[in-house]
Each structure stands twice: as C-alpha cells, then as structure tokens.
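# Analysis of the macromolecular model
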Amino acid sequence: MRRGLRAKSGVVVLWWMGMLGCAGAPISEDTEYAAEWPVPSPEDDKEAEEAEPVSPLASLVAPPRASNFLVLGGGGEPSSNEIALEKNVRYFQRTLEAHGLAPASATVYFANGNDGQATVRYLGEGAREQFKALEIPHLKGPATLEHFLEWVEQSARDTPQQPVFIYFTGHGGLNGRHRNNNHLALWEGDSLTVRAFGLFLNRLPSTTPVVTVMSQCYAGSFANFIYQDANPKRPVVAQPRCGFFATVDYLPSVGCTPEVDEADYKDYSSSFFAGLSGLGRTGKVVTSADYDGDGRVSYAEAHAFAKVDGETTDLPISTSESWLQRRVKRRDRSRLTSAPIQEVMRSGRPAQRYVVESLVRKLGLLPGLSLRDNFKLLKLETDESAAYAERLYMELLNIGMEEKLRTSGSPQALAVFERLLQCENGSWDRPPGAVPVATPEVEATAQ
C-alpha cells in the first residue's frame, strides 16, 4: 500500500512509496525484450543482482570541461513551439557568454530552423495567440533527427576528444508501456528515444565524456542512456556519460509557456543555468552555487541549486541519483525516514547538505526529528510545497544510499558510481580572467 500526504490541489507526496522516479518497474514494449528488463517488486527486500561490468570502468582523468556544445529544442509543430523554448536557447547563449565562451561555439538546431516561417507561438496584446519567425543567433537549422545524426558524425570526425554538452529544451513523450525508453519530440514528427539516443552517441569515441541537461516532460527516463541499450539490467557503457533532468520519468515538467515575460519563467533549466553561471534570466546575480568552495560551480552544484531554486512541481534527478534510487530497498526507506534528518544528512556532500538544509527551512521542519515524524505534523498547502517535500525525501535517499554503497557495496558498483560522480562534477571551461557581467542586484533565491 502507498502511504503519503496530499496537498489541497491533489498532489501526493509519495515518501513511502515503493520506488521513485526512474526506479519505476518498466513494462516492455514486446515480449522478446521483456526478459531483458528488470521488474522489481517495491516490497521485495532481496538484494537484486547488480548490472555492473565484469571489470571496473576506467576512471576519468579529471572532471570533464565541456567544449563541444549542442542545443536541440523547440516543439514538434507550431502549436507546441512556445516562445519560452526559444528564449531558453537565448538564455543558454547568454550563459555561455557569462563564462567567456562565444555563443557561436554551440551548434543550435531548433524547431523549423532558418526557413523564415512563423512557427513560434506566443501571447500578444490582449493575450491573443500569435506566431512569429525564429530569432535565435547562430541557428544552424531545424531540430530533426537527421541533423542530430549529422552533428554526431561531424563531432566523431572533427572533434572526437572534446567533452560534449547537450542541452534539450522542448517536449518529451511518455512510453506508457516502457518508461525506461521515453522519447524527445523533434521537428517534422521526428522522435528520439532513450535507446536510440544512447546508440547514436556510441559513434563518438568511448573515451569522450557526454553530459546532458534535459528539461522536457518525463525527462528522467533519459538517465538510462548510461546503460547498454538503455537497459538498466545491462552494464553501463564504456563511454563516460551523465545527465541532469527536470523531473522523473513518469511526470510532466513545467516551463513550456507562450508568455513572453522571462521574469515569470520558472523551470528547471532556468535554475540550472542560473546556478552554473551565477546569473539569472534577467541578468541579475544569484547567490553562488559553489557549495564546496573550490572556486568553480560544477554541474552537480548547479543541479543542487535548481532543486531549491525552482518553485515548481518538478522532481529533478541526475544519472547518479537514478542509479542509486534503483537500489533502494524497503528496509533502506524505513531506516532513512525513521532517523533524524540531521543524522542522515551528516554524511552528505556539501551540495547535498545545502539541498536538505534549504528544503527543511522552506518546509518549516525540525532537523532533529525524522522525516516520518516531521511529516506527521506537516501541512502541504500547494503543489509546489508537496514537490519540495518529495525532493527532500529523494535527497535523503540519495545520501543514505551513497553511504551504504561506500560502506558495503561491491568494488564494481563503487567504480560505476564514482565515475558517474566524476562526470557530474564537470563544468564549463572559463577562459582566464573571464568574469560574469551583470547588474549589481542579487536575485532572490531559496537560500
């Protein structure tokens, strides 16, 4: 039985559910493939056989610093090609500039590309729906599957050793029978599944790190691109991969709006890039996300910033977090929700402790009590507060399962996890002396 709390508007906090997000049991698309996919029971306490490579993976020499950028975005047709998606690309380009990088250094494919047709949907005067042509500098062409493949082939040929950073801002589709293999919606009716995405990236050298940030609905499914055939029961691929996703594989995300005022935009990638660059969408400085004090903001730290900053119903998740949450057993949930919050968070990394401390404050919880005891007293008035409670639960699971892995996990499993963390600890190159240019006002954050 699932137990939880319900906000007035109907969102359930599934803090006692059997599995979270990408931990959901998939249902295969066909019987032949079904035998290859894990179908765990949420109440099964037996230790599942872990799908690790026979020999440990080679670790990265250092956290990757991206230098080969790809942006894919837009709706699959004008009716779903909201102006917020176009503005997301412009904000991404400004984020590059904040790092001292040229916007032209990123390959951008968006919606219908450069054909001049009015495909961007927005609300004009009187909230009347209108359409306009794309206005994205350095736009290379439409966001089609063909162009994605061209970019992969060109990267493999011309820049094979450059670490890759892929940003997708658009729409995602749910595979109701096979949530581990959801898809991206591209222009002209094209789609790109998790499995195909991973297979195409195999054309890059096995030593080339790939990092992705995805803000579409059901995005968490793409955490499975780290596995062979996107199959969590199979080993992880040799190529270093990691990613950050707006929400888990079974939920829609927020942010696709025809409203034109960016000051009102609230979505995962807005918060992620604000944390990464130190600049919000309107150009204001935000509180630094350098939680470990090493002088740079990693992807993982930007992800942590977004978990707190994003006032949405999204449940952000990364590849390492999805990987850990697949290993959660009933006794792990019982242990981690029964212990005092401050005790569980003690072993967390700085970014994780920031998330827990911030969400505890936002929810008005008592860190000396357990999550279970706190939730007995908690009243959730909005969908957003319910999402904060779920994010807190997920973060405590992440911390607790990492500690368990480090104390009793297999060397193979620890090798996989360490490389995921190392990939997620990557960042963007910033040329020497480059500093953000911004207005002096500091944007409000959840800190």
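Scroll up for the structure.
Report follows, based on the coordinates. (Residues numbered from 1 in each chain as written. Predicted model: local features only at pLDDT ≥ 70, side-chain atom pairs only at ≥ 80, totals over all residues. Heavy atoms only, no water.)

## A look at the overall build of the protein
When helices and strands are counted, the protein shows 13 helices and 17 strands. Considering only residue pairs separated by 6 or more positions, the protein has 79% of its internal contacts joining residues 24 or more positions apart. As presented, the protein carries roughly 18,000 Å² of accessible surface, and 51% of it is formed by carbon and sulfur atoms. (Helix = DSSP H or I, 4+ residues; strand = E, 2+ residues; numbered from the N terminus. Contact = heavy atoms within 4.5 Å. Areas by Shrake-Rupley, 256 points an atom, 1.4 Å probe, with all protein chains shown as cover.)

## Thoughts on the state of the cysteines
By definition, a disulfide links two cysteine residues through a covalent bond between their sulfur atoms. Applying the stated criterion across every chain yields a total of 1 disulfide. With no disulfide of its own, Cys-217 has Cys-256 as its nearest cysteine by sulfur position, at a separation of 6.1 Å. With a relative accessible area of 29%, Cys-256 lands in the partly exposed category. (Disulfide = S-S within 2.5 Å. Buried < 20%, exposed > 50% of the residue type's maximum accessible area, 1.4 Å probe, protein only.)

## Side note on the pattern of salt bridges
On inspection of all chains with the given rule, the structure shows 23 salt bridges. Linking Arg-94 and Glu-262 is a salt bridge whose minimum nitrogen-to-oxygen distance equals 3.4 Å. A residue pair is termed long-range when its members are at least 10 positions apart, and Arg-94 in helix H2 (residues 83-98) and Glu-262 in the loop between strand E13 (241-245) and helix H5 (268-277) qualify at 168 residues. On the accessibility criterion, Glu-262 (16% relative accessible area) is buried. With a closest N to O distance of 3.3 Å, Asp-158 and Arg-157 form a salt bridge. (Salt bridge = Lys/Arg side-chain N within 4 Å of Asp/Glu carboxyl O.)

## Quick notes on the packing of helix H3 (residues 145-158) against helix H4 (residues 194-201)
Remark: H3 packs on H4, axes separated minimally by 10 Å, with the N-to-C direction vectors making an angle of 30°. Relative to H4, the element H3 lies roughly parallel. Seen from H3, the contacting residues are Leu-145, Phe-148, Leu-149 and Val-152; seen from H4, they are Phe-197, Phe-200 and Leu-201. Here the contact of H3 with H4 is composed, by residue class, of 7 nonpolar, no polar and no charged. (Axes fitted to C-alpha atoms, helices over the stretch in contact; angles between N-to-C directions. Parallel < 35°, antiparallel > 145°, perpendicular 65-115°, else oblique. Nonpolar A, V, L, I, M, F, W, Y, C, P; charged D, E, K, R; others polar.)

## Some points on the side chain of Ser-80
In this structure, Ser-80 sits in the loop between strand E4 (68-74) and H2. In this structure Ser-80 comes out as buried when scored by relative accessible area, which is 17%. Filtering out sequence-adjacent residues up to four positions away, Ser-80 remains in contact with Gly-75, Leu-85 and His-171.

## Considerations on the environment of Phe-273
Relative to the helices and strands, Phe-273 resides in helix H5. Residue classification places Phe-273 among the buried positions, given a relative accessible area of 1%. Between the alpha carbons of Phe-273 and Tyr-91 there is a distance of 8.3 Å; along the sequence they are 182 residues apart. Discounting chain neighbours no more than four positions away, the residues touching Phe-273 are Tyr-91, Phe-92, Thr-95, Phe-165, Tyr-167, Gly-278, Leu-279 and Trp-428.

## A short note on the nonpolar core
Grouped together as the largest cluster of nonpolar side chains are 117 residues, with contacts concentrated most on Phe-92, Phe-148, Phe-165, Phe-272, Trp-323 and Trp-428. Once residues lying within four places of it in the same chain are set aside, the contact partners of Phe-272 are Phe-165, Val-213, Phe-244, Tyr-299, Ala-302, His-303 and Ala-306. (Core = buried A, V, L, I, M, F, W, Y, C linked by side-chain atoms within 4.5 Å.)

## Quick look at H5
For H5, a buried count of 10 out of 10 residues is recorded, marking the element as mostly surrounded by other parts of the structure. What H5 keeps buried is the set Tyr-268, Ser-269, Ser-270, Ser-271, Phe-272, Phe-273, Ala-274, Gly-275, Leu-276 and Ser-277. Packing partners of the buried residues in H5 comprise H2, strand E9 (164-173), strand E12 (210-214), E13, helix H6 (299-309) and strand E16 (427-428). Downstream of H5 by a residue or two, Gly-278 has a phi angle that is positive, lying close to 85°.

## What about unusual backbone geometry?
Not every positive phi belongs to a glycine, and Ala-111 is a case in point at roughly 40°. Inspection of the secondary structure puts Ala-111 in the loop between strand E5 (106-110) and strand E6 (120-123). Judged by its relative accessible area of 0%, Ala-111 is buried. Unusually for a residue other than glycine, Glu-188 sits at a positive phi of about 60°. Overall, Glu-188 belongs to the exposed group, its relative accessible area being 60%.

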